[in-house]
Amino acid sequence: ESYNVAVVGAMGVVGREMMATLERRKFPIAEFRPLDIPAHEGKIVEFNGKKCTVKTANVENFKDIDIAIFSAGGDASLALTPKAVKQGAIVIDNSSAWRMDPDCPLVVPEVNPEDVDWHNGIIANPNCSTIQMVVALKPLQDCSKIKRVIVSTYQAVSGSGKAALDGLDAEIKEYVKYGKVKTVHAYGKQIAMNCLPHIDVFQEGGYTKEELKMVNETKKIMKDDSVNVTATCVRIPVIYGHSESINVETEKKISADKARELFKAAPGLLVVDNPAEVEYPVPCDSDNEDLTMVGRIREDNTKDNALNMWVVSNNIRKGAALNAVQIAETLLERGIV
Ligand code: 2RA
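Residues numbered from 1 in each chain as written. Predicted model: local features only at pLDDT ≥ 70, side-chain atom pairs only at ≥ 80, totals over all residues. Heavy atoms only, no water.

K.L.:
Honestly, the nonpolar core in this entry has me stumped. Any pointers?
P.N.:
Nonpolar side chains in soluble globular proteins generally cluster together in the buried interior. Leu-137, Leu-140, Val-149, Ile-246, Phe-263 and Met-309 are the most contacted members of the largest nonpolar core, which totals 53 residues. For this core, the element with the highest residue contribution is helix H3 (residues 128-143), accounting for 7 residues. (Core = buried A, V, L, I, M, F, W, Y, C linked by side-chain atoms within 4.5 Å. Buried < 20%, exposed > 50% of the residue type's maximum accessible area, 1.4 Å probe, protein only. Helix = DSSP H or I, 4+ residues; strand = E, 2+ residues; numbered from the N terminus.)

K.L.:
Honestly, the sheet that holds strand S1 (residues 3-8) in this entry has me stumped. Any pointers?
P.N.:
Strand order in the open sheet made by the 6 strands is S5-S2-S1-S6-S7-S8, with parallel pairing throughout. Both edges of this open sheet fall to strand S5 (55-56) and strand S8 (122-124), since each of them pairs with a single strand only. Along the sheet face, helix H1 (residues 13-24) touches S1, strand S2 (29-36) and strand S6 (67-70) and points at about 155 degrees away from the line of S1. (Pairing = 2+ DSSP bridges. Contact = heavy atoms within 4.5 Å. Axes fitted to C-alpha atoms, helices over the stretch in contact; angles between N-to-C directions.)

K.L.:
How do you make sense of the packing of aromatic side chains when you look at a structure like this?
P.N.:
Two aromatic rings, taken as a pair, are described by how far apart their centres are and by the angle between their planes. Counted according to the given criterion, the structure contains 3 aromatic pairs. With a centroid separation of 4.0 Å and an interplanar angle of 15 degrees, the aromatic rings of Phe-32 and Phe-47 are classed as stacked. Of this pair, Phe-32 sits in strand S2 while Phe-47 sits in strand S3 (residues 44-47); the two residues are 15 residues apart in sequence, bridging distant segments of the chain. Taking relative accessible area as the criterion, Phe-32 reaches 9% and is therefore assigned buried. Ring centres 5.3 Å apart and planes at 55 degrees place the aromatic pair Tyr-154 and Trp-310 in the tilted group. Separated by 156 residues along the polypeptide, Tyr-154 in strand S9 (residues 146-155) and Trp-310 in strand S14 (residues 306-313) bring together distant segments of the chain. The exposure class assigned to Trp-310 is partly exposed, which follows from its relative accessible area of 22%. Over the aromatic face of Tyr-178 sits the side chain of Lys-182, whose NZ or CZ is 3.7 Å from the ring centroid. (Phe/Tyr/Trp six-rings, centres within 6.5 Å; stacked < 30°, edge-to-face > 60°. Lys NZ or Arg CZ within 6 Å of the ring centre and 35° of its normal.)

K.L.:
Before we go on, may I ask you to explain the sheet that holds strand S12 (residues 269-271) in this structure?
P.N.:
Sheet strands associate in pairs through backbone hydrogen bonding, adopting either a parallel or an antiparallel arrangement. The 6 strands lie next to each other as S10-S9-S11-S14-S13-S12, forming an open sheet whose pairing is mixed. Edge strands, defined here as strands with exactly one partner in the open sheet, are strand S10 (228-235) and S12. Ignoring which end each strand starts from, the neighbouring axes of this sheet average 25 degrees apart. Both strand S11 (residues 242-250) and S14 contribute to a ladder of 8 bridges, which runs antiparallel. Its bridge partner lying in S14, His-242 is registered against Ser-313. Helix H6 (residues 256-265) rests against S12, strand S13 (292-299) and S14 of the sheet, and its axis sits at about 165 degrees to S13.

K.L.:
Just checking my understanding: could you explain the pattern of salt bridges for this structure?
P.N.:
Pairing between side chains of opposite charge can happen when their charged atoms approach one another. Tallied over the full model, the rule gives 24 salt bridges. We note a salt bridge from Arg-260 to Asp-257, for which the minimum N-O separation is 2.7 Å. Separated by 3 residues within a single helix, Arg-260 and Asp-257 lie in helix H6, roughly one turn from each other. Residue class for Arg-260 comes out buried when judged on its relative accessible area of 18%. With a closest N to O distance of 2.6 Å, Asp-273 and Arg-260 form a salt bridge. Placement of Asp-273 in the loop between S12 and S13 and of Arg-260 in helix H6 is noted, with a sequence separation of 13 residues between them. One exposure class covers both Asp-273 and Arg-260, and it is buried. By sharing partners, the salt bridges in this structure join Glu-17, Arg-24, Asp-290 and Arg-317 into a single network. (Salt bridge = Lys/Arg side-chain N within 4 Å of Asp/Glu carboxyl O.)

The values are spatial; any link to function lies outside them.
Spelled out as structure tokens, the structure:
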């Protein structure tokens, strides 16, 4: 059977990756409908070898759509997703709008695929930095209950979108030309040859929204409020690929060897862990990688029943587009659509 699928935000960085992922994974599509803001109306995109005309994302254009995958920002999601649902579509939304809504499942197919069963029209795609972390946490949680997670992230600029990528490019060019950056761009501070411990908006208590997403989304996805996460999210001058240094404390001891074994058997993970051969995950290896890579696996030398690991994943693929398409695949596998 084939389905009518819309991608909302088709002209954006993530929207384009969603289209490429639907093609690469040969999702059964009868009609593909690229939707975006009015400014993009009439533009041509190619999908499965056919030219498709971008239409404006409005309620009429969700008619006869079975699955609508959104990557158009929180405002568009809040305004449009209920209308798409009313037209009969199941929405998979990449924005943060619905993630913590109790009526919306928040799904990483390797971790909680069963949660698509109770959707009420909208299924939320988690934040990229949360997705790669829970894929790695899941096999550990299945072995011994997780008590605490300390995570520091090293996030690529592509997570901020095209303008930020153009800004990084401009800053690097200035640095090469003048030996220093004269004009700062997307972040209001220099990002080239720098790092910023600031992603999204600061909240009460000194944490950023990005850090609180990792805390709260993890509990919802793992269905365990006792998984305590504390996070520091940092922007680094990398194009694609988020990296995370993760310390996990579990109730029972899990040795580094046991952890490696669990990761090798777990879905969605690739173990890259051989320091003697200088093998560990790096962002540049995530360019065409669907798997989340885990390495630097070692027991915490300061605390029993705790492990350190280094997790790298393509923030636009598994962190956004791929996870959303895998949710759509899960809907088919579980006979929901
Ligand atoms: C970022 N996780 O990396 C956020 C949104 N993609 O900027």
